Every structure is written in C-alpha cells, then in structure tokens.
Amino acid sequence: MPRPTTPLLSRTGIRAAALEIIDRDGLDGLSMRKLAAALGVSAPALYFHYPTKEHLLDDVASEIIEKVDTGAFSRGWREGLFGWARSYRAALAEHPNIVPFLSRGPGQRDASLRRADAVHGGLVAAGWPARDATMIGASTKYLVVGAAMGSFSRGFVDDVQVYLDRYPALGDAHRLREHAESVDRDSFEFALTMFVDGLAARLASGRLQGFGGS
C-alpha cells in the first residue's frame, strides 16, 4: 500500500502543535497558517478538524483545565479551595502564554464548567450562600490567574545599583530574581492562606450574604 503523500492529522496532534507554538511565540504568534506549516499540511486541512482558531483554542484550553483537581471538596470547603487553587495554578504555570485566553471565562467549555459546578456546589454544600460562593470562586480565580500571568520576583533586575540611593526600601530587591521560584510560590501560598483563613472567620461569624444582601 503506498504511503500517504500528506501527514495524517489528528485533533490531538493539532492541539499539541498549537500549544507548542503558543508556549514559544505567545497567543498572537499562533495562526492557522503557521500551525499548518508546522504540521506540514495546508491550512484547509486543519479546518476539517477545527473550523476556526477559536474552536482550536477552546480545545487546547480544555486539555489544560482537565489537569485541575476539584476532588478535595469531598473533605470540606477549605481543603477544596486549597486543592483547587494549587492544582489550577500548577496547570496554568506550565503554559503561561495561554492564560489570557483562559482568563476570559469558561464559555461553553465542558471541562471548565464541570469544575465551576464542583467548586460552587462544594461551597454551597458547606453552608455558603450562593452569592458568597460565586464571589469566593471568582476571587480565587483572580488570585490564581494573577499568579500565573507572570513572576513578581523576576520583574526586578539583579543589579543592586538600580535600587541604591533612589529606592532605599528596595535595598534587597536585586536578590529577588535569584530566588524567584520560591518567593513566587511562597507569596501565592501566603495570599491563599490569608484568603481562606479570612473566609473561615467570616463563616464562623455568620456574616454571610444572599443575592439580595448587602
């Protein structure tokens, strides 16, 4: 049997190639034409599998979100939030260039909506009113997406001369880049813990809101 003259395409292979381009060149660097060239096919061949770039990005996003774990809500809302937030950040940290697309919301992506349903359901089952549960989910997402968008520590240069004299309170800022991974991780954990502890105090005090509350 003669070999096919063009490479065989699969949706899995297309997604993998697209994500490789996004990781390397950013969201704006992905085009169907560039993707087709990377796969060694013509652009029309891609449209058989994905009619638009948006459809492709939705599937790439879903593949990433499938790594996010919401199972810890079975052990309570605190454990649920910690487990969800940490696995969410880890999944996004592997592919930071696609975070702006994911931050737009779940749209109609089943993977995202299933997790949103699990988070909201877990919070409401633990006694949070629906309005509070919605805000907790949104606030946790803000925290995770902000942490995944970029490194706080790597935003500083490692030249001490930049900070001397003019910025005396930043005298050690030149050390941040060297320890960026641990500083960023620990800062995320600090913010997450403060957030969850504050929620626990709010729940214990009974200061809860319904959708008609203030």
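Check the entry above for the structure.
Small disclaimer: the values here were computed from a predicted structure and weren't measured.

**Some words on the side chain of Ser87**
Here's step 1: You can see Ser87 is positioned in helix 5 (residues 77-93).
Here's step 2: At 3.0 Å, the side chain of Ser87 forms a polar contact with the backbone oxygen of Gly83.
Here's step 3: Contact partners of Ser87, with chain neighbours within four places excluded, come to Lys67, Val68 and Asp69.

**As for the pattern of salt bridges**
Here's step 1: By the definition in use, this model includes 14 salt bridges.
Here's step 2: Taking the shortest distance from any N to any O, the salt bridge between Asp25 and Arg24 comes out at 3.0 Å.
Here's step 3: With its nearest N and O atoms 3.2 Å apart, the salt bridge here joins Lys67 to Glu94. Here the residue Lys67 occupies a position in the loop between helix 4 (53-65) and helix 5, and Glu94 occupies one in the loop between helix 5 and helix 6 (99-102), the gap between them amounting to 27 residues.
Here's step 4: Accessibility expressed as a relative area gives 48% for Lys67, which makes it partly exposed.
Here's step 5: By relative accessible area, which is 47% here, Glu94 ends up partly exposed.
Here's step 6: Bridged by salt links that share partners, the residues Glu66, Asp110, Arg114 and Arg115 form one connected network.

**What about the packing of aromatic side chains?**
Here's step 1: Scanning all chains against the criterion turns up 4 aromatic pairs.
Here's step 2: With 5.8 Å between their ring centres and 20° between their planes, Trp84 and Tyr88 make a pair best called stacked. In this pair, Trp84 and Tyr88 are both assigned in helix 5, 4 residues apart and thus about one turn of the helix distant. The pair Trp84 / Tyr88 is uniform in exposure class, with both members buried.
Here's step 3: Here Phe152 and Phe156 contribute two aromatic rings whose centre-to-centre distance is 5.3 Å and whose plane-to-plane angle is 70°, an arrangement assigned as edge-to-face.

The rules behind each value
Residues numbered from 1 in each chain as written. Predicted model: local features only at pLDDT ≥ 70, side-chain atom pairs only at ≥ 80, totals over all residues. Heavy atoms only, no water. Helix = DSSP H or I, 4+ residues; strand = E, 2+ residues; numbered from the N terminus. Polar contact = N/O pair within 3.5 Å; in protein donor to acceptor, adjacent residues only side chain to side chain. Contact = heavy atoms within 4.5 Å. Salt bridge = Lys/Arg side-chain N within 4 Å of Asp/Glu carboxyl O. Buried < 20%, exposed > 50% of the residue type's maximum accessible area, 1.4 Å probe, protein only. Phe/Tyr/Trp six-rings, centres within 6.5 Å; stacked < 30°, edge-to-face > 60°.

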